[in-house]
Every structure is written in structure tokens, then in C-alpha cells.
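Structural overview
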Amino acid sequence: MTDTYSSTSYDIVGIYEKTELKEGAKGLDSYGNIKDIKAVFAPAKMDIGKYEVKLTRIDTNFYNICGTSLYIETKHCNEYATRNDAILNIRSNYGYIRGETIFLKNW
């Protein structure tokens with residue numbers, strides 16, 4: 001029996017690396033309010049190329065590359081992924097569009 005795949009593609013607009021902070025860390029939100037924070041996401045780069053990965057949705061348009069400290073930010077993506085198979089096609093580390101993510105669906 002042959003697997004049949006369907007795919008949906010979305011632009012990647014950011015790549016980030018997560019850094020965990022010490023308990024009790026504070027941060028400033030965009031309204032000038034102090035908030036408790038657990039981690040920060042700093043801009044990161046990936047080598048240009050295609051990667052077979054598993055993605056988990058953290059928030060709207062924000063996904064963890066499972067097994068890494070890397071995250072991608074997408075544009076207009078509404079996939080509710082939990083360790084879903086995907087292809088990351090990284091084309092650039094600069095500009096508004098960094099590449100695309102393609103969610104694979106096994107039918």
C-alpha cells in the first residue's frame with residue numbers, strides 16, 4: 001500500500017531560538033507593564049536548505065521545531081499541529097519572507 005500525501009504551505013516570517021530564564025525573571029510588555037516571564041525568543045538563523053521536521057503549535061502563527069530550541073513564525077497559518085510532519089524550505093535569513101513551511105498530511 002502506498003501512502004498518499006496532501007500538503008499545505010505557509011510563509012515563514014521569522015526564526016527564533018528560545019532561552020529559558022531563571023525563576024522570578026521579569027519582563028516589560030509593549031504597554032510598559034512588568035510581567036513574570038519564563039523564556040525569551042531571540043531572532044536566529046538557519047542554514048539555507050530543506051529540512052524534514054515535526055512541528056508543534058505554541059500559539060497563533062508560532063511553532064516549535066520539535067526536539068530543538070528553534071521556533072518559526074508563520075503568516076496566516078491556522079494549522080493545529082502536534083508533532084506534525086512538515087518540510088521547512090529556508091531560502092533566506094533576511095527580509096520579510098524567510099521561506100515556507102509545508103505541512104504534510106498522510107491520507
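The rules behind the values
Residues numbered from 1 in each chain as written. Predicted model: local features only at pLDDT ≥ 70, side-chain atom pairs only at ≥ 80, totals over all residues. Heavy atoms only, no water. Helix = DSSP H or I, 4+ residues; strand = E, 2+ residues; numbered from the N terminus. Buried < 20%, exposed > 50% of the residue type's maximum accessible area, 1.4 Å probe, protein only. Contact = heavy atoms within 4.5 Å. Phe/Tyr/Trp six-rings, centres within 6.5 Å; stacked < 30°, edge-to-face > 60°. Pairing = 2+ DSSP bridges. Core = buried A, V, L, I, M, F, W, Y, C linked by side-chain atoms within 4.5 Å. Polar contact = N/O pair within 3.5 Å; in protein donor to acceptor, adjacent residues only side chain to side chain.

**Notes on the environment of threonine 82**
Within the secondary structure, threonine 82 sits in the loop between β7 (70-74) and β8 (84-90). Overall, threonine 82 belongs to the exposed group, its relative accessible area being 61%. Taking the C-alpha atoms as reference points, threonine 82 and tyrosine 63, separated by 19 residues in sequence, lie 9.5 Å from one another. In this structure, threonine 82 is in contact with Leu55 and Thr56, ignoring residues within four places of it in sequence.

**Points about the packing of aromatic side chains**
Applying the stated criterion across every chain yields a total of six aromatic pairs. Consider the rings of phenylalanine 41 and phenylalanine 62, whose centres lie 5.2 Å apart with planes at 85 degrees: the pair is edge-to-face. With a gap of 21 residues between them, phenylalanine 41 in strand β4 (residues 39-43) and phenylalanine 62 in strand β6 (residues 62-65) connect regions that are remote in the sequence. Assessed through its relative accessible area of 16%, phenylalanine 62 is described here as buried. Taken together, Tyr16, Phe41, Phe62 and Tyr71 form an aromatic cluster joined through their ring pairs.

**A short note on the pairing of β6**
The two faces of β6 match: Phe62 and Asn64 on one face and Tyr63 and Ile65 on the other face are all buried. Two strands pair when backbone bridges link them, and strand β5 (residues 49-59) and β6 are joined in this way by four bridges, in the antiparallel orientation. Its bridge partner being in β6, threonine 56 is matched across the sheet by asparagine 64. Hairpin connection from β5 to β6: two residues lie between these consecutive antiparallel strands, with asparagine 61 at a positive phi of about 60 degrees. Examined bridge by bridge, β6 and β7 share three bridges and lie antiparallel to one another. Paired with tyrosine 63 across the two strands is isoleucine 72, which belongs to β7. From the end of β6 to the start of β7, which pair antiparallel, there are four residues, and glycine 67 there has a positive phi angle of about 85 degrees.

**Here's the deal with the nonpolar core**
In terms of nonpolar packing, the biggest core is built from 17 residues, with Met46, Leu55, Tyr63, Ile65, Ile72, Leu88 and Phe103 touching the most fellow members. Elements with a minimum of two residues in this core: β1 (5-20), β5, β6, β7 and β8.

**Considerations on the side chain of glutamate 79**
In this structure, glutamate 79 sits in the loop between β7 and β8. For glutamate 79, a relative accessible area of 10% corresponds to the buried category. Of note is the side chain of glutamate 79, whose polar atom sits 3.2 Å from the side chain of tyrosine 10. Each residue touching glutamate 79, except ones within four places of it in the same chain, is listed here: Thr8, Tyr10, Arg57, Tyr63, Phe103 and Lys105.

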